[in-house]
Amino acid sequence: MPHYSDAQLKTVLEEVKTIAVVGVSTNPVRPSYFVARYLGLKGYRVLPINPGHAGKMLFGQTIHASLSDIREPVHMVDIFRRSEAVPAIVDEALEVCDGLKAIWMQIGVEHAEAAAKAEAQGIAVIQNRCPKIEYQRLFGELRMGGFATGIISSKL
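Residues numbered from 1 in each chain as written. Predicted model: local features only at pLDDT ≥ 70, side-chain atom pairs only at ≥ 80, totals over all residues. Heavy atoms only, no water.

Caption draft 1: Focus on the sheet that holds strand S5 (residues 76-79). Read from one edge of the open sheet, 5 strands run S2-S1-S5-S6-S7, paired in parallel fashion. On the outer flanks of this sheet lie strand S2 (45-49) and strand S7 (124-126), each paired with one strand and no other. Going across the sheet, the axis of each strand differs from the next one's by a mean of 15 degrees, ignoring polarity. Relative to S5, strand S1 (residues 18-22) runs parallel, the two sharing 4 bridges. Paired with Ile 19 across the bridge in S5 is Met 76. (Pairing = 2+ DSSP bridges. Helix = DSSP H or I, 4+ residues; strand = E, 2+ residues; numbered from the N terminus. Axes fitted to C-alpha atoms, helices over the stretch in contact; angles between N-to-C directions.)

Caption draft 2: A look at the environment of Pro 73. With respect to the helices and strands, Pro 73 occurs in the loop between strand S4 (61-62) and S5. Classification of Pro 73 by relative accessible area gives partly exposed; the value is 45%. Separated by 24 residues in the primary sequence, Pro 73 and Cys 97 place their C-alpha atoms 6.2 Å from one another. If near-sequence neighbours (up to four positions away) are discounted, Pro 73 is found in contact with Thr 18 and Asp 98. (Buried < 20%, exposed > 50% of the residue type's maximum accessible area, 1.4 Å probe, protein only. Contact = heavy atoms within 4.5 Å.)

Caption draft 3: Looking closely at the pairing of S5. By the alternation rule, side chains of S5 split into Met 76 and Asp 78 and Val 77 and Ile 79, which are all buried. Note on the crossover from S5 through helix H3 (residues 86-96) to strand S6 (residues 102-105): the handedness is right-handed. (Right-handed = clockwise from strand over helix to strand, strands pointing away.)

Caption draft 4: View of helix H1 (residues 6-15). Those residues of H1 that sit buried are Leu 9, Val 12 and Leu 13. What you see down the axis of H1 is that its buried residues fit within an arc of 95 degrees, all on one side. Each element contacted by the buried residues of H1 is listed here: S5, S6, S7 and helix H5 (131-138). (Arc of directions from axis to C-beta.)

Caption draft 5: Structural context of the packing of aromatic side chains. Summed over all chains, the structure comprises 4 aromatic pairs. Note on Tyr 33 and Phe 59: the rings are 5.0 Å apart at their centroids and 50 degrees apart in plane angle, and the pair reads as tilted. Here the residue Tyr 33 occupies a position in helix H2 (residues 31-41), and Phe 59 occupies one in the loop between strand S3 (57-58) and S4, the gap between them amounting to 26 residues. Tyr 33 gets classed as buried once you look at its relative accessible area, which sits at 17%. (Phe/Tyr/Trp six-rings, centres within 6.5 Å; stacked < 30°, edge-to-face > 60°.)

Caption draft 6: Fine view of the environment of Ala 88. Take Ala 88: it is sitting in helix H3. Along the chain, Ala 88 and Ala 114 lie 26 residues apart, while their C-alpha atoms are 8.6 Å from each other.

Caption draft 7: Summary view of the packing of H3 against helix H4 (residues 112-120). At their nearest, the axes of H3 and H4 sit 9 Å apart, and the two run at 15 degrees to each other. With respect to each other, H3 and H4 are oriented roughly parallel. Pair H3 / H4 crosses with left-handed handedness. Contacts from Val 86, Pro 87, Val 90, Asp 91 and Leu 94 in H3 reach Ala 114, Lys 117 and Ala 118 in H4. Residues that form the contact of H3 with H4 fall into these classes: 6 nonpolar, no polar and 2 charged. (Parallel < 35°, antiparallel > 145°, perpendicular 65-115°, else oblique. Left-handed = near helix turned anticlockwise from the far one by under 90°. Nonpolar A, V, L, I, M, F, W, Y, C, P; charged D, E, K, R; others polar.)

Caption draft 8: Examining the pattern of salt bridges more closely. Taken as a whole and judged by the stated rule, the model has 5 salt bridges. Of the charged contacts in the structure, one is a salt bridge between Glu 72 and Arg 45, with a shortest N-O distance of 2.6 Å. A residue pair is termed long-range when its members are at least 10 positions apart, and Glu 72 in the loop between S4 and S5 and Arg 45 in strand S2 qualify at 27 residues. With relative accessibility at 29%, the residue Glu 72 sits in the partly exposed group. For the salt bridge of Glu 134 with Arg 129, the shortest nitrogen-to-oxygen distance reads 3.2 Å. Each of Asp 6, Arg 129, Glu 134 and Arg 137 takes part in a single network of salt bridges with overlapping partners. (Salt bridge = Lys/Arg side-chain N within 4 Å of Asp/Glu carboxyl O.)

As structure tokens, this is what we get:
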């Protein structure tokens, strides 16, 4: 698993403003749904991408079939697809996403060649991580729930 410093992760989360979530679900119990919703609640502009739901509304935004359908700058592409789908998504993002700063692959999603291709063009790449989890960890939200404070313990 690739290693990222907290500074690297925090820089990405601070610099991006618009996130295209590829593979977002309209089902509220799916991780892609609640991660996208959470990011929207934190002030990011979330653009949902799912060809099976294109044209529907989610979080006040029209769901797009692909990144090519977006007509505004996208700073980060968050990938909720299997690893084998990553190269085509990265290629499309590099081709059509104005303002692209980062490609983020969710937990369990990695593709070394696609990552290297994006990094060679100056794009930050995060693999096998969740921006929601990292946001909560790096911006102190886990502490609000008592985690990472020593107050709550799993020890009996």
